[in-house]
Amino acid sequence: METHSFYKISPAENFGKGKQAQKGLGVALISYSRGCRISLVPSSESFCTSITWESLTSKTERGNFEVSMSETLKIYTYPDPVLRTSTEEVVDIDEETQKLIDQMAETMYAAPGIGLAANQVGVAKSIVVYDLTPKDKGRNLSVLINPEIVSSEGRIVFDEACLSVIDFSAEVARSAMVKVRGFDRHGRPVDIEAEGLLAICLQHEIDHLKGKLFIDYVSSLKRALYKKKLKKMMKKSKVSNT
Ligand code: NI
């Protein structure tokens, strides 16, 4: 597991009420100016529209923000073999598991994404975090441990993407409704009857736990084209890093 330290900033009630954040902009500006990552995805539902390093610093100094250190994990990307590992059942939800869940959640929110499986951050454990709450409605984290699909029905096609498959999206056909069984982070059994985006998300994440990616469902031609594009991108980034 590789961790990145970053600061978590919670906006105070009187800041940017009713406005929506340019989250990516804020994150990018700060990471470039200070060499560290700042997440602007805290619990509050409102953010400022134009965040600059200067305004943020002054706000922070005036005490309008609560700043705390947090950690995100490295997200492994295709074609890293770690994404192909099958995860193991969690037998003991101990302190280490709780810490991993918190870090996975922070990593997902910072990315930002709507779901993350443990092997995407290099841990071969059967754990999934997800949150389908719209961005302006705050957070509502769900955690599933040892999830399995017990029944499925119908068919739905959706344009999917994945934090581990950069710069790629494709239509994937999945079951329209699924019943999923697993445990929450307190070890309590959970039964979910899901449809729509939740059904898609759960199937996508449970696939991850088995070492399967959504790109496996697309045509071999599309996959070959993506591999080619990826090679080019990797070459470019190597050149710009030297
Ligand atoms: Ni994914």
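The structure under discussion appears in the preceding block.
Here, residues in each chain are numbered from 1, in the same order as that chain's written sequence. Since the coordinates come from a predicted model, pLDDT governs what is reported: local features require at least 70, and pairs of side-chain atoms require 80 or more to be given and counted, while whole-chain, interface and lining totals use all residues.

For the rest of this paragraph, the subject is the nonpolar core. If you look at the biggest cluster of nonpolar residues, it comprises 30 residues, and the most contacted ones within it are I101, M104, A118, I127, V128 and V129. Taken together, the elements giving at least two residues each to this core come down to α3 (95–110), β4 (115–117), β5 (127–130), β6 (142–153), β9 (177–183) and α4 (196–209). The greatest single-element share of this core, amounting to seven residues, is contributed by α3. Among residues more than four places away in sequence, those in contact with V129 are I101, M104, A105, M108, L116, L141 and V143. The term nonpolar core means buried Ala, Val, Leu, Ile, Met, Phe, Trp, Tyr and Cys residues held together as one set by C-beta atoms within 7 Å. Residue burial is a threshold on neighbouring C-beta atoms within 10 Å of the residue's own C-beta, all placed from the backbone, with 20 or more meaning buried, 12 or fewer meaning exposed, and counts in between meaning partly exposed. Helix and strand assignments follow DSSP, with helices taken as H or I runs no shorter than four residues and strands as E runs no shorter than two, numbered in order from the N terminus. We call two residues in contact whenever the C-beta atoms placed from their backbones are within 7 Å.

The residue after Y78, namely P79, is reached through a cis peptide bond having omega 5°. At the junction of A111 and P112, the peptide bond is cis and its omega measures out at -10° in the coordinates. Tracing the backbone through its elements, the reader meets P112 in the loop between α3 and β4. Positioned with a positive phi, N146 is a non-glycine residue whose angle comes to about 50°. By secondary structure assignment, the location of N146 is in strand β6. Taking the number of C-beta atoms within 10 Å as the measure of exposure, N146 has 18 and is therefore partly exposed. Positive phi outside glycine occurs at D167, with the angle close to 55°. Tracing the sequence through the fold places D167 in strand β8 (residues 165–174). The exposure class assigned to D167 is exposed, which follows from the 10 C-beta atoms found within 10 Å.

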